[in-house]
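A closer look at the structure
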Amino acid sequence: MKTRILMVCLGNICRSPLAEGILKSKLNTAEFHVDSAGTSAIHEGELPDKRSIDVAHVNKIDITDQRSRPFLKSDLEEFDYIYVMDQSNYDNVCQLIEKESHRQKVIMIMDEVYADASADVPDPYYDSINGFKNVYEMLDEACEKIASKLTK
Ligand code: 4NP
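This section reports on the structure supplied with the text. These numbers were taken from a predicted model, which means no experiment stands behind them.

Some words on the nonpolar core
Counting 34 residues, the largest nonpolar core has I5, M7, L23, M85, I109 and L139 as its most contacted members. Those elements that place two or more of their residues in this core are β1 (3-9), α1 (15-26), β2 (32-38), α2 (50-58) and α5 (129-150). For L23, the residues in contact, after removing those within four places along its chain, are I5, M7, V34, C143, I146 and A147. By size, the runner-up hydrophobic cluster in this structure holds 13 residues, among which are L76, I82, C94 and V106.

Examining the site of the ligand
The environment of the ligand is formed by C9, L10, G11, N12, I13, C14, R15, H43, D123, Y125 and Y126. One of the backbone N or O atoms of L10 is found 2.9 Å from an oxygen atom in the ligand. For the ligand, an oxygen atom lies 3.0 Å from a polar atom in the backbone of I13. Summarising the interface, the protein chains cover 91% of the accessible area of the ligand, which totals 350 Å² for the free molecule. Of the residues that constitute the shell around the ligand, the class distribution is 6 nonpolar, 3 polar and 2 charged.

Some remarks on the pattern of salt bridges
For the coordinates displayed, the defined rule picks out 12 salt bridges. When the shortest N-O distance is used, the salt bridge between R15 and D86 registers 3.0 Å. One end of the pair, R15, is in helix α1; the other, D86, is in the loop between β3 (81-84) and α4 (87-94), and 71 residues separate them in sequence. Taking relative accessible area as the criterion, D86 reaches 10% and is therefore assigned buried. Across the salt bridge formed by E100 and R103, the nearest N and O atoms sit 2.8 Å from each other. Here E100 falls in the exposed class, since its relative accessible area comes to 54%. Connected via shared salt-bridge partners are K26, D140 and E144.

Here is what the cut-offs are and how they apply
Residues numbered from 1 in each chain as written. Predicted model: local features only at pLDDT ≥ 70, side-chain atom pairs only at ≥ 80, totals over all residues. Heavy atoms only, no water. Core = buried A, V, L, I, M, F, W, Y, C linked by side-chain atoms within 4.5 Å. Buried < 20%, exposed > 50% of the residue type's maximum accessible area, 1.4 Å probe, protein only. Helix = DSSP H or I, 4+ residues; strand = E, 2+ residues; numbered from the N terminus. Contact = heavy atoms within 4.5 Å. Near = heavy atom within 4 Å. Polar contact = N/O pair within 3.5 Å; in protein donor to acceptor, adjacent residues only side chain to side chain. Areas by Shrake-Rupley, 256 points an atom, 1.4 Å probe, with all protein chains shown as cover. Nonpolar A, V, L, I, M, F, W, Y, C, P; charged D, E, K, R; others polar. Salt bridge = Lys/Arg side-chain N within 4 Å of Asp/Glu carboxyl O.

Here it is, written out as structure tokens:
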């Protein structure tokens, strides 16, 4: 059975598609399934934001196969690790928890770098391309930690 990891943000067009692409690039896809979703369905079916596509491309990662999809209650059952980008994503996902055992699956992604600091990956949607570059660097650092933890 593959270990299943879900990356979650609000729109599933800026941060979590980058997180999905970066983590996939660091893991063997025969052993790991990586997906992403948004707590809002507002961008359902859309490609990632062009700025995320561009920042990924510069780093030799192609995320153009991804399409936005909403986070589902069933994801809490289906996935082993659910990484959220910020506190509001955390609260929105936790609101859907029906089995207490699922709570431990939900992790603030930057806690993998700065344990228990509850640091947010900032929403870059209304920011410039520099905001997306900053998000990329943060997620690359977090995904490096996740990949080494999961392949130990
Ligand atoms: P994301 O960014 O949660 O990183 O995908 C956003 C994308 C769209 C919106 C907000 C954040 N929006 O308000 O449409």
